[in-house]
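This is what each chain is made of:
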Amino acid sequence: MKKIIIAIDGFSSCGKSTMAKQLAKELGYVFIDSGAMYRAITLYFVENNIDLANDAAIASAIEKINLKFVFNNEAGKSDIYLNGENIEQAIRSMSISNSVSEVAALEKVRTFAVAAQQKMGVEKGIIMDGRDVGTNVFPNAELKIFMTASVDVRTKRRYDELVVKNPELTLEEVKENLEKRDLIDTTRKLNPLRKADDARVLDNSNLTMEEQLAIAKQWADEVLEVPAR
């Protein structure tokens, strides 16, 4: 059976990773969380006080970074490792969320991450989500999905995810963070977030996870020419 590359792009907190994982499980594909890669790089930069205005410091830091995904049997998914350490939880903090868009906009960081991502996709059979997967990382992906949702819906989703570990967090803080990230992601000089011309739009503002997965699976089946049931 032929294999394809599925590129999923969209704004923060649209549920890209959730759907990508579910779709990967349905198809028996490998899920690559590009956002986790940028968060991991950001964590390294924060922990090592890397000056984002210093090109030499950035280049030196990147040379010391080793990223890999390791399947977690208990969680039933892959966790990201930075220089041999599982950092899956550490990269999900609000402090990393506040810095990741700025770090991800750096040319040296994107060049490093994109090269690693393209290497992972050589044999196809992968699903990757991010901001420029369909426009830059895999411009020839057989299926491109651009996910979106209203900012209020995205704020509520992100708040519900974070407030468990940070009870003092407010909806206003989360919304401000999302709007800041949207602005950086869509206006950065290098490969900004935008819909690829041949991407299919999936607005999940009013969809359940099951409904959005069904739509994406139908699109994948069409590309794979799987007979309708």
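See the structure above.
Residues numbered from 1 in each chain as written. Predicted model: local features only at pLDDT ≥ 70, side-chain atom pairs only at ≥ 80, totals over all residues. Heavy atoms only, no water.

Undergrad: Before we move on, could you go through the overall build of the protein and cite the residues and values that matter?
TA: Assigned secondary structure in the protein consists of nine helices and eight strands. Its C-alpha radius of gyration of 17 Å places the protein within 12% of the 17 Å reference for a compact globule of 229 residues. On the principal axes, the C-alpha backbone points of the protein span a range of 55 × 40 × 40 Å. Buried residues in the protein amount to 46% of all 229 residues. In the protein, the proportion of contacts linking residues at least 24 apart, taken out of those at least 6 apart, comes to 72%. Surface exposure of the protein reaches about 11,900 Å², of which carbon and sulfur atoms provide 50%. With 31 positive and 35 negative side-chain charges, the protein shows a spacing of 3 Å between the two charge centroids. (Helix = DSSP H or I, 4+ residues; strand = E, 2+ residues; numbered from the N terminus. Rg over C-alpha atoms; globule rule 2.2 N^0.38 Å. Buried < 20%, exposed > 50% of the residue type's maximum accessible area, 1.4 Å probe, protein only. Contact = heavy atoms within 4.5 Å. Areas by Shrake-Rupley, 256 points an atom, 1.4 Å probe, with all protein chains shown as cover. Lys, Arg positive; Asp, Glu negative; His and termini not counted. Charge placed at Lys NZ, Arg CZ, Asp CG, Glu CD.)

Undergrad: Which residues make up the environment of Val114, and what values do they have?
TA: Within the element layout of this structure, Val114 appears in helix H5 (residues 107-120). Owing to a relative accessible area of 9%, Val114 belongs among the buried residues under this scheme. Taking the C-alpha atoms as reference points, Val114 and Lys165, separated by 51 residues in sequence, lie 31 Å from one another. Setting aside its immediate chain neighbours within four residues, Val114 contacts Tyr38, Asn136 and Val137.

Undergrad: Give me a negative patch on the surface: which residues, what numbers.
TA: There is a patch of like negative charges on the surface, built from Glu172, Glu173, Glu176 and Glu179. As for its placement among the helices and strands, Glu179 is situated in helix H8 (residues 171-187). Overall, the relative accessible area of 41% leaves Glu179 in the partly exposed class. (Patch = residues over 30% accessible without salt bridge, like charges linked within 9 Å, V, L, I, M, F, W, Y side chains within 5 Å. Salt bridge = Lys/Arg side-chain N within 4 Å of Asp/Glu carboxyl O.)

Undergrad: Can you lay out the packing of helix H1 (residues 16-27) against helix H9 (residues 209-224) for me, pointing to particular residues and giving the numbers?
TA: Contact geometry for H1 and H9: axes closest at 10 Å, N-to-C directions at 50°. Between H1 and H9, the interaxial angle falls into the category oblique. At the point where H1 passes H9, the crossing takes the right-handed sense. Residue-level inspection shows Thr18, Met19, Gln22, Leu23, Glu26 and Leu27 of H1 in contact with H9, the latter providing Met209, Gln212, Leu213, Ala216, Lys217, Ala220 and Leu224. Looking at the contact of H1 with H9 residue by residue, the classes come out as eight nonpolar, three polar and two charged. (Axes fitted to C-alpha atoms, helices over the stretch in contact; angles between N-to-C directions. Parallel < 35°, antiparallel > 145°, perpendicular 65-115°, else oblique. Left-handed = near helix turned anticlockwise from the far one by under 90°. Nonpolar A, V, L, I, M, F, W, Y, C, P; charged D, E, K, R; others polar.)

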